[in-house]
Amino acid sequence: MKIVVAIKQVPDTATQVKIGGDPKAIDTAGITWIVSPYDEFAIEEALRLKEKRGQGEVIAVSLGPDRVKEALRSALAMGCDRAIHLNDPAWANADTLATAQALAAVIKQEQPALVLCGRQAIDDDMGAVGAQLAEVLGWPCASWIMEEAVDADAKSVRVGRQVEGGLEVFDLPLPAVLSAQKGLNEPRYPTLKGIMGAKKKEIKDVKAGDLGLTPAAPQVAVKNLEALPARPPGRVIQGEIKDAVKELVRALREDAKAI
Ligand SMILES: Cc1cc2nc3c(=O)[nH]c(=O)nc-3n(C[C@H](O)[C@H](O)[C@H](O)COP(=O)(O)OP(=O)(O)OC[C@H]3O[C@@H](n4cnc5c(N)ncnc54)[C@H](O)[C@@H]3O)c2cc1C
């Protein structure tokens, strides 16, 4: 069974994100980049599926600039068999639809039985690429999955989605697109052998022209990024506890309008 995993490289969660000189983008100086955590659940699930079935191939695909190779290398170190890097300045301003169209074009060439994505990338947080990808491919899609089971013939997949108070269970014919939610599994750490082995695995560079694509101008344009206003300083209420509580309730009701 061939499985494609779409991964996005994002700033490390510990990064203090700053707006760049161009207020449409963040300042990338000094950022440590990681694979988006939800995409790690997707990689892990693809690897487990391959291991369970005892055969198959897992291909990691990512769209982004040169630095994205590092994220693909991490996916290979976890155990993916090969990687495809959609690497072309023509995609520099890609919105979610252009990203989905590029991913769909490479997926059409690869013809996997299953595509796994993260439920959202933790930087832009659009949560849109997976569903748009399924739409462009004309494949069924289930998002935020907590569990999956592909049938013996790899003709369909049963997925569970956590909803309030229970689990929603769906059957989808394959090929399909699934997006991973936290809790689907516990992603493995790459072993030393995996890290060394990843250096020899293929990362294929693909340009828009190789896929017969001319990315259109983004339909969604970033106008501006704005930092949140600085938090006002905290206030310590002094005095007798009885009076302090009264003042606290008043301040919460009248000043903060929180109660
Ligand atoms: C320089 C720059 C310019 C940009 N300009 C624009 C713009 O003009 N308009 C605009 O709308 N957005 C713009 N963006 C944002 C960019 O389009 C989004 O990052 C992209 O659309 C994906 O959205 P998201 O990260 O919220 O993904 P989500 O929809 O949250 O991602 C869901 C899942 O889809 C997959 N996925 C997402 N992105 C990728 C990827 N690149 N490669 C492989 N898999 C992926 C992953 O599995 C991910 O978990 C810009 C970004 C940059 C860095």
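As the structure is a computational prediction, the values presented were derived from the model and not from experiment.

Calculation rules
Residues numbered from 1 in each chain as written. Predicted model: local features only at pLDDT ≥ 70, side-chain atom pairs only at ≥ 80, totals over all residues. Axes fitted to C-alpha atoms, helices over the stretch in contact; angles between N-to-C directions. Helix = DSSP H or I, 4+ residues; strand = E, 2+ residues; numbered from the N terminus. Parallel < 35°, antiparallel > 145°, perpendicular 65-115°, else oblique. Left-handed = near helix turned anticlockwise from the far one by under 90°. Contact = placed C-beta atoms within 7 Å. Near = placed C-beta within 6 Å. Nonpolar A, V, L, I, M, F, W, Y, C, P; charged D, E, K, R; others polar. Buried ≥ 20, exposed ≤ 12 C-beta atoms within 10 Å, placed from the backbone. Pairing = 2+ DSSP bridges.

(A) Representation of the packing of helix H3 (residues 96–110) against helix H4 (residues 129–137). Two elements in contact, H3 and H4, have axes whose closest approach is 8 Å; the angle formed by their N-to-C orientations is 50°. When the interaxial angle is binned, H3 and H4 end up oblique. The interaxial crossing formed by H3 with H4 has right-handed handedness. Mapping the contact onto sequence places Thr-96, Leu-97, Thr-99, Ala-100, Gln-101, Leu-103, Ala-104 and Ile-107 in H3 and Val-129, Gln-132, Leu-133, Val-136 and Leu-137 in H4.

(B) Structural detail: the site of the ligand. Around the ligand there are 34 residues in total, and Asp-95, Gly-118, Asp-124, Met-126 and Val-129 lie nearest to it. Every element with two or more residues in the shell around the ligand is listed here: helix H1 (37–53), strand S4 (57–63), H3, strand S6 (114–118) and H4. Across the shell around the ligand, the residue classes break down as 18 nonpolar, 10 polar and 6 charged.

(C) The pairing of strand S10 (residues 176–180), seen in detail. Counting buried positions over the 5 residues of S10 gives 5, a clear majority of the element. Burial of S10 is two-sided: the residues Ala-176, Leu-178 and Ala-180 facing one way and the residues Val-177 and Ser-179 facing the other way are all buried. Relative to S10, S6 is paired through 5 bridges, and the arrangement is parallel. Paired with Cys-117 across the strands is Ser-179, a residue of S10. Here strand S7 (residues 141–150) pairs with S10 via 3 bridges, running parallel. The residue of S10 that forms the bridge with Ala-142 is Leu-178.

(D) Representation of the environment of Ala-83 in the model. Looking at the element boundaries, Ala-83 is found in strand S5 (residues 82–86). Owing to 25 C-beta atoms within 10 Å, Ala-83 belongs among the buried residues under this scheme. It is 8.9 Å that separates the C-alpha atoms of Ala-83 and Asp-205, two residues lying 122 residues apart in sequence.

(E) The arrangement of unusual backbone geometry in detail. Omega for the peptide link from Leu-174 to Pro-175 comes to 5°, which places this bond in the cis form. In this structure, Pro-175 sits in the loop between strand S9 (166–173) and S10. The backbone of Gln-111 shows a phi angle near 50°, a positive value even though the residue is not glycine. Note on Gln-111: 9 C-beta atoms within 10 Å, which makes it exposed. Even without being glycine, Ala-154 reaches a positive phi, approximately 55°. We classify Ala-154 as partly exposed; it has 16 C-beta atoms within 10 Å.

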